[in-house]
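Here's the letter readout for the chains.
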Amino acid sequence: IRDDGHLAFERREGDLTAEVAVSGGYAELYDQAGLMLRLDERTWIKAGVEFVGGRRLLSCVVTRDVSDWSILSAFEAPDPVRVRLTRQGSAVRVEWAPQGGAFEIMRLAYFPPSDPVLVGPMCCSPERAGFEARFEDFRAGPAIEAALHG
């Protein structure tokens, strides 16, 4: 169990949307930066860019007692990339977009409807020291009105 990444968070309740633009000096395995939605050390979602196999991949980890990991490996993630999480009831829609482009859905995941939660930019580099990530335009507020599968 690793629970030691960096998270700059706001406490929020209920449905919400959070968004941030992220870029970084990705160079070593598992360098990563993006957004996190966190209830506690056993229940959280992180989504963004992760350096794997020498490339920046779009990545999402959902943890509910155990973690799973999904990646979009068909292409290298843009730098910067925008990441957006929308919580509606017990569902979280994970989306990404190139800077200035339209958002695309990356994942839809269950998340317990408990309050409050922590949400904000996150980064970590479990294999080394010195990774630098940059975050711009972080915002969190009411959930955007959109169909979960839209």
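So, a few notes on the structure that sits alongside this text. Owing to the predicted nature of the structure, the values given are computational and were not obtained by experimental measurement.

**Some details on the pairing of strand β7 (residues 66-72)**
Relative to β7, strand β6 (residues 55-64) runs antiparallel, the two being bridged by 7 bridges. By the bridge assignment for β7, Arg-64 is matched with Val-66. Here β6 folds back onto β7, and the loop between the two strands holds 1 residue, one of which, Asp-65, carries a positive phi near 75°.

**What to know about the pairing of strand β11 (residues 117-124)**
Within β11, 8 of the 8 residues are buried, leaving the element largely enclosed by the surrounding structure. Pairing of strand β2 (residues 10-12) with β11 involves 3 bridges; the strand directions are antiparallel. Bridging from a neighbouring strand, Arg-11 pairs with Leu-118 of β11. Pairing geometry for strand β4 (residues 32-40) and β11, over 7 bridges, is antiparallel. From the neighbouring strand, Gln-32 faces β11, where its bridge partner is Cys-124.

**Observations regarding the state of the cysteines**
One pass over the structure, following the stated rule, counts 0 disulfides. Sulfur of Cys-123: no disulfide; nearest cysteine sulfur belongs to Cys-124 and is 7.1 Å away.

**So, the packing of aromatic side chains**
Scanning all chains against the criterion turns up 2 aromatic pairs. Aromatic side chains Tyr-26 and Phe-131 sit 5.4 Å apart centroid to centroid with 40° between the ring planes, which places their arrangement in the tilted category. Of this pair, Tyr-26 sits in the loop between β3 (16-24) and β4 while Phe-131 sits in the loop between β11 and β12 (133-141), placing them 105 residues apart in sequence. Positioned above the aromatic ring of Phe-103, the side-chain terminus of Arg-84 is 3.9 Å from the ring centre.

**Describing empty space enclosed by the protein**
On inspection of all chains with the given rule, the structure shows 1 cavity of 30 Å³ or more. Empty space within the largest cavity amounts to approximately 40 Å³. If you go around the largest cavity, the residues you meet are Gln-32, Ala-33, Gly-34, Lys-46, Ala-47, Gly-48, Val-49, Glu-50, Ser-59 and Met-122. Elements represented by at least two residues in the lining of the largest cavity include exactly β4 and β5 (43-52). No other element matches the 5 residues that β5 contributes to the lining of the largest cavity.

**Considerations on the pattern of salt bridges**
Evaluation of the coordinates by the stated rule reveals 10 salt bridges. The salt bridge involving Arg-56 is made with Glu-76; its shortest N-O contact spans 3.2 Å. You can see Arg-56 sitting in strand β6 and its partner Glu-76 sitting in the loop between β7 and β8 (81-88), a full 20 residues away along the chain. The partly exposed category is assigned to Glu-76, whose relative accessible area is 37%. Of the charged contacts, one joins Arg-87 and Asp-115 as a salt bridge, the two residues approaching to 3.3 Å between their closest N and O atoms. Highlighted residues: Arg-87 in strand β8 and Asp-115 in the loop between β10 (104-110) and β11, separated in sequence by 28 residues. Classification of Arg-87 as buried rests on a relative accessible area of 2%. Beyond isolated ion pairs, a larger network of salt bridges with shared partners links Glu-19, Arg-82 and Arg-139.

Definitions and cut-offs
Residues numbered from 1 in each chain as written. Predicted model: local features only at pLDDT ≥ 70, side-chain atom pairs only at ≥ 80, totals over all residues. Heavy atoms only, no water. Pairing = 2+ DSSP bridges. Helix = DSSP H or I, 4+ residues; strand = E, 2+ residues; numbered from the N terminus. Buried < 20%, exposed > 50% of the residue type's maximum accessible area, 1.4 Å probe, protein only. Disulfide = S-S within 2.5 Å. Phe/Tyr/Trp six-rings, centres within 6.5 Å; stacked < 30°, edge-to-face > 60°. Lys NZ or Arg CZ within 6 Å of the ring centre and 35° of its normal. 1 Å grid on protein atoms, 1.4 Å probe; cavity = no way out; pocket = protein on both sides within 12 Å on 5 of 7 lines; lining within 4 Å. Points joined across faces, edges and corners; volume = space filled by probe spheres on them. Salt bridge = Lys/Arg side-chain N within 4 Å of Asp/Glu carboxyl O.

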